[in-house]
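As a plain string of letters, each chain reads:
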Amino acid sequence: MLIKDFLIKEAKLIKGDGTKKVTSLTIDSRKCVQGSMYFAINGTQVDGHNFIESAYKNGAVCAVVEREVDCPIQQILVKNTRLYMSYMASLFYNNPSKKLKMIGITGTNGKTSISYMVKEIAKANGISCGVIGTGGIWLDDKKLDIKILTATTPDPIELQYALSVMAEKGAKWVVMEVTAHALDLYKVSGMEFISAGFTNLTQDHLEYFKTMENYALAKSKFFEPQLSKNAIINIDDEFGKTLLDKIPSITYSYKEKADLFAENINIEATCSTFTLKYNGDIYDVKTNTTGLFNISNVLCAIGLALKAGLDIKDCIKGISAFSSVPGRFEAVDTKNKGFSVIIDYAHTPDGLENILSSINSFKKGKLICVFGCGGNRDQVKRAIMGEIAGNLSDYCVLTSDNPRFEEPEKIIDQIESGIKKTTCPYTRNANRYQAIKYAIEYAKKDDVIVICGKGDEDYQEINGVKHHFLDREAVEEIIS
């Protein structure tokens, strides 16, 4: 594409003739090569306009800017570089989302599990389906070797490239996690989702959004008509009810009457059954998941697939084939040691409460909870999670999650201030491997150890460096 081909909407060419060819897109001046288009992002820490000269020296032929810069490079002026990066990245990769049925999920918890459930529904009905989210980028049952710098919802250039690869490989659906950050930073602007799911709104990411009102506002942007055609809304969540009038919606619930309503729920250690009411008809549903929160996830997945064009019976067929998501309520083989180990991604107060409550519903022995909280993230939730863990566990091991640039012991101090409000016995060990080892040595017959916070993440970030660490591998090594 030529530079002038990117002059969409209100974008203006303010320097140059626009006839040079663009061969790549980037927001990193260091990664510019001959033919790059550089997007000057005015961020909270760094202003990309200060690196335009560097981008030019590295070979960039054009910069997308919010103000003219004294540099020979050709420049396109826009009001919001982040927004136009989404538009232009889509254009550069030949608008791949228009070739796919896009399905998205937003909400504090449940996004990853629901996305894999939708993929399983698609698979059961012969539909090639991609997944983009915390677990990486998948097409059907194969993980694609596409590196992304941003977890969960990739930045627009990465996202549009991934979509183009999936479209080229024959995908028909793509289901993706759409975070509040992604919505606030315009990562999915210019795309259209056939169905948009909302799970819940609980405390998280206040280090970025500052208030729950701001966090909620970001989530609500997903349900504007220019972005999504149909909404699948959880009305067991009070905020969900405020989204109902934005676009055509179907509701789901296990507490009150809804378009997709689950009743007669029976939850066991490894599976759940319930009766589904939809459009006046009744269907029996069995799923190989447990916990009330997973009943809610199943309802959302069914709703998303319905609005993508499937029949209700085909949706139920797919759900019955779904087993689990790596790192989400994942049982680890304990080699007949007599106790159980479950790994889960729960890293919010609501997520932690859900997983512990579910285990309490079927445990026979003690519930031993191993968890920490991420550094450089919402600090308020740390004491809250400590208190939740203390109230719902029989024993806790407080440890480190991804401390990032914070001191691990200080993070644990804040968690400890919450658990001290309870009578739960606990210990603390900032070394995550040693904390898991301690829990395993402490466990007796019929006990359940739940290791929370990281799920299937294969690293631990300390002082800005990611060290390989996978909870599952640690458990298997210790047990062996």
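Residues numbered from 1 in each chain as written. Predicted model: local features only at pLDDT ≥ 70, side-chain atom pairs only at ≥ 80, totals over all residues. Heavy atoms only, no water.

Asker: What exactly am I supposed to notice about helix α11 (residues 349–360) here?
Answerer: One turn of an α-helix holds 3.6 residues; hence residues three or four places apart share an orientation. A rise of 1.5 Å per residue sets the reference length of α11, with its twelve residues, at 16 Å; its end C-alpha atoms lie 16 Å apart and thus fit the reference within 8%. For α11, the set of buried residues is P349, D350, G351, L352, I355, L356, S358 and I359. Looking at the buried residues of α11, the elements they touch are α9 (292–307), β18 (340–344), β19 (367–371), α12 (380–392) and β22 (448–452). (Helix = DSSP H or I, 4+ residues; strand = E, 2+ residues; numbered from the N terminus. Expected span 1.5 Å × (residues − 1). Buried < 20%, exposed > 50% of the residue type's maximum accessible area, 1.4 Å probe, protein only. Contact = heavy atoms within 4.5 Å.)

Asker: What is the right way to look at the sheet that holds β22 in this model?
Answerer: By definition, the strands of a sheet pair up through backbone hydrogen bonds, in either a parallel or an antiparallel sense. Read across the sheet, six strands follow the order β17-β18-β22-β19-β20-β21 without closing on themselves; strand pairing throughout is mixed. If you trace the sheet from one side to the other, it starts and ends with β17 (330–332) and β21 (426–428), each paired once. Here the strands of the sheet are splayed against their neighbours by 20° on average, with no regard to which way each runs. Note: β18 against β22, five bridges, orientation parallel. By the bridge assignment, S340 is partnered in β22 with V448. (Pairing = 2+ DSSP bridges. Axes fitted to C-alpha atoms, helices over the stretch in contact; angles between N-to-C directions.)

Asker: Help me understand the sheet that holds strand β5 (residues 74–77) in this model?
Answerer: Across the sheet, which stays open at both edges, the five strands sit in the order β1-β5-β4-β3-β2 with mixed pairing between neighbours. Bordering the open sheet on either side are β1 (12–15) and β2 (24–26), each of which pairs with just one other strand. Strand-to-strand twist across the sheet, computed as the mean angle between neighbouring axes with direction ignored, equals 25°. Across three bridges, strand β3 (residues 36–39) lies against strand β4 (residues 62–65) in parallel orientation. When the sheet's bridge partners are listed, M37 is paired in β4 with C62. Lying over the sheet, helix α2 (residues 81–92) contacts β2, β3, β4 and β5, oriented at roughly 155° with respect to β3.

Asker: Would you mind going over the pairing of β19 with me for this structure?
Answerer: Remark: a regular strand shows side chains that alternate across the two faces of the sheet. By the criterion of burial, β19 is predominantly enclosed, with five of the five residues buried. Here β19 shows two buried faces, one formed by L367, C369 and F371 and the other by I368 and V370. Where β19 and strand β20 (residues 395–398) come together, four bridges link them in parallel fashion. Within the sheet, the bridge partner assigned to F371 lies in β20 and is L398. Following the chain from β19 across α12 to the adjacent parallel β20, one finds a crossover that is right-handed. (Right-handed = clockwise from strand over helix to strand, strands pointing away.)

Asker: How do you make sense of the nonpolar core when you look at a structure like this?
Answerer: Soluble globular proteins tend to bury their nonpolar side chains together. Formed by 42 residues in total, the largest nonpolar core has its most connected members in W173, L260, L276, I302 and I312. Per-element tally for this core: the top contributor is α9, with nine residues. Not counting chain neighbours up to four residues away, the residues in contact with L260 comprise I250, T251, Y252, S253, L276, K277, Y278, L299, I302, G303, L306 and I312. With 38 residues, the next largest nonpolar core counts L100, I137, M191 and A258 among its residues. (Core = buried A, V, L, I, M, F, W, Y, C linked by side-chain atoms within 4.5 Å.)

Asker: Just to check I follow, could you spell out the packing of aromatic side chains for this structure?
Answerer: Each pair of aromatic rings is reported with the distance of its centres and the angle of its planes. Counting across every chain of the model gives 14 aromatic pairs. Ring plane angle 90° and centroid distance 5.0 Å describe the contact between F92 and Y93, whose orientation is recorded as edge-to-face. Judged by its relative accessible area of 21%, Y93 is partly exposed. Centre to centre, the rings of F222 and F223 are 5.5 Å apart; their planes meet at 65°, and the pair counts as edge-to-face. Per residue, the accessibility class of F222 equals that of F223, and both read buried. Aromatic rings pair up to connect F193, F198, F222, F223 and F239 into one cluster. Seen from the ring of Y442, K444 lies directly overhead, with NZ or CZ sitting 5.5 Å from the centre. (Phe/Tyr/Trp six-rings, centres within 6.5 Å; stacked < 30°, edge-to-face > 60°. Lys NZ or Arg CZ within 6 Å of the ring centre and 35° of its normal.)

Any link to function would need more than the numbers given here.
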